[in-house]
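Chain by chain, the residues run as shown.
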Amino acid sequence: MKGSIEKRGKNSWRLRVDLGYNPDGTRNRPSKTITVEDKALLKTKKKLQEYLEDQLALFKQEVLAGEYFKPEKMTLRQFVENEWWSKYASDPDNLSPLTAKTYRHHLDNHILPALGGKQLTDIKTIQLVTLMNNLKKPGARKDGRGEKLSSYTIIYIYNVLRNVFNVAKEWNLIKENPMDGVPKPKKEKTKINPYTAEEAKEVIGKLYDEPIMWRLFILGSMLGGFRRGELIALEWSDVNFADKCIHIRKSISLVQNGQAYEKGTKNDEERTVDMPDWYMAELEQYYKVWKRQRWENNDIWVGGDREYLFHNGTGKPLYHTTPTTWWREFVKRHKLRKVRLHDLRHSSATLLIEAGAHLKAIQERLGHKQFQTTADIYAHVTKKVSRELAEKFNALNPANTK
């Protein structure tokens with residue numbers, strides 16, 4: 001099978017394979033254009049030629065295996081499954097494993113059922129506008145937990161669509177991204193459901209009827225404002241007993257096929273959080289329990305050199321959904337007011353605000369990248385505190401003194 005490489009632009013080349021003639025007498029010469037972004041590669045003539053020849057060889061394999069589709073005949077489903085997923089989404093340098101899994105979920109549940117059979121080059125902006133509008137209607141949710149999708153999910157689906165078509169455009173399969181004309185959905189204000197100070201005291205009291213590991217995990221969320229994934233990824237090297245603080249530098253939000261995937265924090269910003277004396281004292285007690293457990297379970301210990309605080313008994317970090325399940329059962333067992341595990345993080349912030357802490361300090365403690373994020377989430381709490389402060393001046397009302 002003959003092939004050729006033809007320069008098309010400043011850093012683009014067209015690969016062509018000659019398959020002879022079609023039954024109607026026309027030449028059968030599939031082609032595709034590739035773009036080289038690596039500046040160092042572009043400066044090296046020999047290595048660039050070797051790279052292009054490798055790409056041509058791979059293209060020949062695609063054609064022979066029947067995996068190549070002409071851009072004008074490739075459906076969105078074929079592009080997602082044969083190109084985007086294997087050559088882009090599956091690469092952790094492009095998408096984290098959890099993000100790739102979530103993208104695929106939305107593609108399979110919401111996007112491909114609606115547009116998967118349409119040719120990639122034929123999909124128009126108005127069809128995507130229609131899809132986004134349909135996502136707002138009752139019945140769009142597929143998990144049986146309600147009728148309507150949340151604004152957060154709709155925005156996420158919007159981002160998936162933009163990503164898929166951006167990649168198609170970068171690979172020269174389409175000239176324009178049809179998502180460019182689709183208005184981004186508006187995000188509803190975050191609704192939080194925190195515990196009051198009295199409720200928090202009750203929760204803490206009930207935690208002393210539970211194993212020390214779970215007590216410290218839940219208290220970490222309630223007192224430190226840590227995210228679930230941040231707590232799962234904590235190791236003893238992140239704990240500073242001398243300065244009574246915990247360093248947050250990574251997160252685990254996905255365990256797949258027995259493999260825990262570590263990544264940076266949500267905003268890729270490490271932070272150090274000061275913790276109460278009594279929490280650090282209990283953590284020090286737990287460290288002794290942890291070391292004894294490791295010694296007793298040495299024959300089944302698979303943690304290696306990693307020292308995760310919260311583990312499954314063998315040194316491996318907790319499965320990413322296990323804390324949520326445990327929390328739900330704990331709330332039910334002790335007949336507490338139902339709140340999400342994530343709302344313990346919100347409880348931490350609201351209790352601090354009501355105690356007089358400044359929003360900037362809370363932003364840093366929670367690891368919000370933008371101050372406005374903190375201000376928006378806790379606006380109603382700060383307004384309540386501001387009103388209570390203003391009312392303290394009622395004692396100076398002249399009418400009262402008379």
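Every chain's residues receive numbers from 1 upward, in the order its sequence appears when written. The model is predicted, so local features are restricted to residues of pLDDT at least 70 and side-chain atom pairs to those at 80 or more, both for listing and for counting; the totals for chains, interfaces and linings are taken over all residues. Neither water nor hydrogens contribute to the side-chain values; these are computed over all heavy atoms in the structure.

**Let's talk about the nonpolar core**
In plain terms, the rule: The set of buried Ala, Val, Leu, Ile, Met, Phe, Trp, Tyr and Cys residues whose side-chain atoms join them within 4.5 Å is what this entry labels a nonpolar core. The classification of residues rests on relative accessible area computed with a 1.4 Å probe and restricted to protein chains. Under 20% of the type maximum is buried, over 50% is exposed, and intermediate values are partly exposed. A run of H or I in DSSP becomes a helix once it reaches four residues, and a run of E becomes a strand once it reaches two; helices and strands are each numbered from the N terminus. Contact definition: two residues touch when any of their heavy atoms are within 4.5 Å.
In this structure, Tyr195, Ile246, Tyr279, Leu283, Tyr286, Phe310 and Trp327 are the most contacted members of the largest nonpolar core, which totals 46 residues. Mapped onto this core, the elements with two or more residues apiece are helix 7 (197-207), helix 8 (212-224), helix 9 (228-232), strand 5 (245-248), strand 6 (251-256), helix 10 (277-296) and helix 11 (322-333). Not counting the four nearest positions on each side in its chain, Leu283 is found in contact with Leu216, Trp236, Val239, Phe241, Ile246 and Leu309. Residues Phe79, Leu107, Leu112 and Val160 belong to the second largest nonpolar core, which totals 36 residues.

**What to know about the packing of helix 8 against helix 12 (residues 342-354)**
Threshold: Between the N-to-C directions of two axes lies an angle of 0 to 180 degrees, each axis being a line fitted to C-alpha atoms and, for a helix, fitted only over the stretch in contact. Convention used here: angles under 35 degrees read as roughly parallel, angles over 145 as roughly antiparallel, angles from 65 to 115 as roughly perpendicular, and any remaining angle as oblique. Polarity classes work like this: nonpolar for Ala, Val, Leu, Ile, Met, Phe, Trp, Tyr, Cys and Pro, charged for Asp, Glu, Lys and Arg, and polar for all others, with Gly in that last group.
At a closest axis distance of 6 Å, the pairing of helix 8 and helix 12 adopts a crossing angle of 40 degrees. The pairing of helix 8 with helix 12 is recorded here as oblique in orientation. On the side of helix 8, the interface is formed by Ile218, Ser221, Met222, Leu223 and Gly224, while helix 12 contributes Leu344, Arg345 and Ser348. Residue composition of the contact of helix 8 with helix 12, by class: 4 nonpolar, 3 polar and 1 charged.

**Things to note about the environment of Asp122**
Tracing the backbone shows Asp122 in the loop between helix 4 (97-115) and helix 5 (125-134). Sequence-wise, Asp122 and Ala40 are 82 residues apart; in three dimensions their C-alpha atoms are separated by 36 Å.

**Considerations on helix 8**
Going by this rule: In a helix, the anticipated span is given by 1.5 Å times the number of residues less one.
The terminal C-alpha atoms of helix 8 lie 17 Å apart, and with 13 residues this matches the ideal 18 Å at 1.5 Å per residue to within 8%. For helix 8, the tally of buried residues reaches 13 of 13 residues, placing the bulk of the element in the interior. Looking one or two residues beyond helix 8, the residue adopting positive phi is Gly225, at roughly 70 degrees.

**With respect to the sheet that holds strand 2 (residues 12-18)**
For the record, the criterion: By the convention used here, strands pair only if DSSP detects at least 2 bridges between them.
As summarised here, the arrangement of the 3 strands in space is 1-2-3, forming an open sheet in which the pairing is antiparallel. In the strand order of this sheet, the two ends are held by strand 1 (2-7) and strand 3 (31-35), each with one partner. Mean inter-strand twist for the sheet, computed between neighbouring axes without regard to direction, equals 20 degrees. In terms of strand pairing, strand 2 meets strand 3 through 5 bridges, oriented antiparallel. Counterpart to Arg14 in the pairing with strand 3 is Thr33. Against the sheet, helix 2 (residues 45-64) makes contact with strand 1, strand 2 and strand 3, and its axis sits at roughly 40 degrees relative to strand 2, the strand it touches most.

**Looking at the packing of helix 7 against helix 8**
Our working rule: Working rule for handedness: look at the near helix, and if it is turned counterclockwise from the far one by less than a right angle, call the crossing left-handed; if clockwise, right-handed.
Taken N-terminus to C-terminus, the directions of helix 7 and helix 8 make an angle of 160 degrees; their axes are 10 Å apart at the nearest point. By the angle class used here, helix 7 and helix 8 are roughly antiparallel. Crossing of helix 7 against helix 8: the hand is left-handed. Here helix 7 contributes Ala200, Val203, Ile204 and Leu207 to the contact with helix 8, which in turn contributes Arg215, Ile218, Leu219 and Met222. When the residues that make up the contact of helix 7 with helix 8 are grouped by side-chain class, the tally is 7 nonpolar, no polar and 1 charged.

**Observations concerning unusual backbone geometry**
Phi angles above zero are rare outside glycine, and Lys244 is one such case at about 55 degrees. With respect to the helices, strands and loops of the structure, Lys244 is situated in the loop between strand 4 (239-240) and strand 5. With relative accessibility at 35%, the residue Lys244 sits in the partly exposed group. Of note, Lys335 is a non-glycine position whose phi angle comes to about 55 degrees, a positive value. Within the secondary structure layout, Lys335 lies in the loop between helix 11 and helix 12.

**Remarks on the sheet that holds strand 5**
Taken in spatial order, the 3 strands make up an open sheet running 4-5-8, and their pairing is antiparallel. The open sheet has two edge strands with one neighbour each: strand 4 and strand 8 (271-274). Both strand 4 and strand 5 contribute to a ladder of 2 bridges, which runs antiparallel. Across the sheet, the residue bridging to Val239 is Ile246, located in strand 5.

**Considering the environment of Val160**
Checked against the element boundaries, Val160 lands in helix 6 (residues 151-170). Once residues within four sequence positions are removed from consideration, Val160 is found in contact with Tyr103, Leu107 and Ile111.

**Some points on the pairing of strand 1**
The sheet contact formed by strand 1 and strand 2 spans 6 bridges and is antiparallel. Counted as the bridge partner of Lys2 is Asp18 from strand 2.

**Examining the side chain of Asn297**
In plain terms, the rule: Any N or O atom pair separated by 3.5 Å or less is treated as a polar contact, with the protein-specific requirement of one donor-capable and one acceptor-capable atom, and with residues adjacent in sequence counted only for side-chain atom pairs.
Looking at the element boundaries, Asn297 is found in the loop between helix 10 and helix 11. Judged by its relative accessible area of 18%, Asn297 is buried. A polar contact of 3.1 Å, which involves the side chain of Asn297, links it to the backbone oxygen of Gly313.

**Some points on the pattern of salt bridges**
Selection criterion: Any carboxyl oxygen of Asp or Glu within 4 Å of a side-chain nitrogen of Lys or Arg constitutes a salt bridge here.
Scanning the model with the defined rule gives 26 salt bridges in all. A salt bridge links Glu198 to Lys201, with the nearest nitrogen and oxygen atoms 3.8 Å apart. With Glu198 and Lys201 both in helix 7 and 3 residues apart, the pair spans about one turn of that helix. As far as the burial class goes, Glu198 and Lys201 line up, both exposed. Put simply, Arg340 and Asp343 hold a salt bridge, and the shortest N to O gap is 3.2 Å. With a relative accessible area of 45%, Arg340 lands in the partly exposed category. On the basis of relative accessible area, Asp343 is assigned to the buried category, the value being 2%. Sharing partners across several salt bridges, the network here consists of Glu235, Asp238, Arg249, Lys250, Glu262 and Arg306.

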